[in-house]
Amino acid sequence: MRSIQRVKMVVLESMSIKDMVLVLIAVAGCINLVQFILFHSMLMPRMDFPAFYSASVALHGGVEAASLYDKEGFFEIVSKSFGANPGHLLWLYPPPLLWLVEPLYFFEPDTAYLIWSFLTLLPIGFAAWIAGARGLVWAALVLNPTTVALMAFGKTDALFLLMLCISIFGRRRGIVGMSLGLLLLKPQLALAALIILC
């Protein structure tokens, strides 16, 4: 028991307050991540993921991409995939996003949801690395509760965060330009692109 207390004291004395805060953020994110893994089937989101999955299933079922923008038609598509339309979802995304969601069709909804959610960590980790985060700062950025919330809702914001980081910190004009173009797949981020260009 005393040896454990000694180790705790040595660790606490060697850490700055900043390091302790980063560790706490990472621990909170890990706790949220474990909860997400254990209860993912009860947390099926009422936001973006059902729209992505339903669009994928519809495309593989022969539905034309243009018909996804029809409100009543998309409501029926989501209802077929999920039994009801959770949150009265609409397909409001630009056509190129269909390339990203199309592979979801090959999995059952729960499996596709887990895969989609964990793939959220990749762009967040890469964006943090591009921004210069290393060690505890990187872990705190990747494993923070906000990241777990993005995973839970199945949103695409992590991908756009990566595009934004490449646009800000990138050195090659071609890659920065491509990132700004991809950033505009989410039209509300056009303002961010304009700020970067100024």
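Residues numbered from 1 in each chain as written. Predicted model: local features only at pLDDT ≥ 70, side-chain atom pairs only at ≥ 80, totals over all residues. Heavy atoms only, no water.

With respect to the packing of helix H3 (residues 48-60) against helix H4 (residues 71-82)
Two elements in contact, H3 and H4, have axes whose closest approach is 9 Å; the angle formed by their N-to-C orientations is 95°. Here H3 lies roughly perpendicular to H4, going by the angle between them. Note on element contacts: H4 touches H3 through Phe 74, Ile 77, Val 78, Ser 81 and Phe 82, opposite Phe 49, Pro 50, Ala 51, Tyr 53, Ser 54, Ala 55, Val 57 and Ala 58. Considering only residue class, the contact of H3 with H4 consists of 11 nonpolar, two polar and no charged. (Axes fitted to C-alpha atoms, helices over the stretch in contact; angles between N-to-C directions. Helix = DSSP H or I, 4+ residues; strand = E, 2+ residues; numbered from the N terminus. Parallel < 35°, antiparallel > 145°, perpendicular 65-115°, else oblique. Contact = heavy atoms within 4.5 Å. Nonpolar A, V, L, I, M, F, W, Y, C, P; charged D, E, K, R; others polar.)

Some thoughts on the side chain of Thr 120
Relative to the helices and strands, Thr 120 resides in the loop between helix H6 (109-119) and helix H7 (121-130). The exposure class of Thr 120 is buried, given its relative accessible area of 4%. At 3.1 Å, the side chain of Thr 120 and the backbone oxygen of Ser 117 are in polar contact. In this view, Thr 120 contacts Leu 150, Met 151, Lys 155 and Ala 158; residues no more than four positions away in its chain are not counted. (Buried < 20%, exposed > 50% of the residue type's maximum accessible area, 1.4 Å probe, protein only. Polar contact = N/O pair within 3.5 Å; in protein donor to acceptor, adjacent residues only side chain to side chain.)

A word on a nonpolar patch on the surface
Taken together, the side chains of Tyr 105, Phe 106, Phe 107, Ile 115, Leu 119 and Leu 122 define a hydrophobic patch exposed on the protein surface, amounting to about 590 Å² of accessible area. Among the structural elements, Phe 107 can be located in the loop between helix H5 (97-101) and H6. (Patch = residues over 30% accessible without salt bridge, like charges linked within 9 Å, V, L, I, M, F, W, Y side chains within 5 Å. Areas by Shrake-Rupley, 256 points an atom, 1.4 Å probe, with all protein chains shown as cover. Salt bridge = Lys/Arg side-chain N within 4 Å of Asp/Glu carboxyl O.)

Overview of the layout of surface pockets
Counted as a void, the largest pocket has a volume near 250 Å³. If you go around the largest pocket, you meet 13 residues; those closest to its centre are Leu 100, Trp 116, Leu 119, Thr 120 and Leu 159. Residue assignment for the lining of the largest pocket shows that the elements contributing at least two residues are H6 and helix H10 (157-169). Broken down by class, the residue content of the lining of the largest pocket amounts to 10 nonpolar, two polar and one charged. (1 Å grid on protein atoms, 1.4 Å probe; cavity = no way out; pocket = protein on both sides within 12 Å on 5 of 7 lines; lining within 4 Å. Points joined across faces, edges and corners; volume = space filled by probe spheres on them.)

Quick look at H7
Those residues of H7 lying buried are Leu 121, Pro 123, Ile 124, Gly 125, Ala 127 and Ala 128. Along its buried surface, H7 packs onto H6, helix H8 (135-142), helix H9 (145-153) and H10. Just past H7, the residue Gly 132 takes up positive phi, approximately 100°.

Here's the deal with the nonpolar core
For soluble globular proteins, the rule of thumb is that nonpolar side chains tend to be buried together. The biggest cluster of nonpolar side chains holds 21 residues, and the ones touching the most others in it are Phe 49, Phe 52, Leu 68, Phe 74, Trp 91, Val 101 and Leu 104. Breaking this core down by element, the ones donating at least two residues are H3, H4, H5 and H6. Looking at this core element by element, the count peaks at six residues for H3. Sequence-distant contacts of Trp 91, defined by excluding residues within four places in its chain, comprise Ala 51, Phe 52, Ala 55, Leu 68, Tyr 69, Phe 74, Leu 98 and Val 101. Membership of the second largest hydrophobic core comes to 10 residues, among which are Met 163, Val 176, Leu 183 and Leu 185. (Core = buried A, V, L, I, M, F, W, Y, C linked by side-chain atoms within 4.5 Å.)

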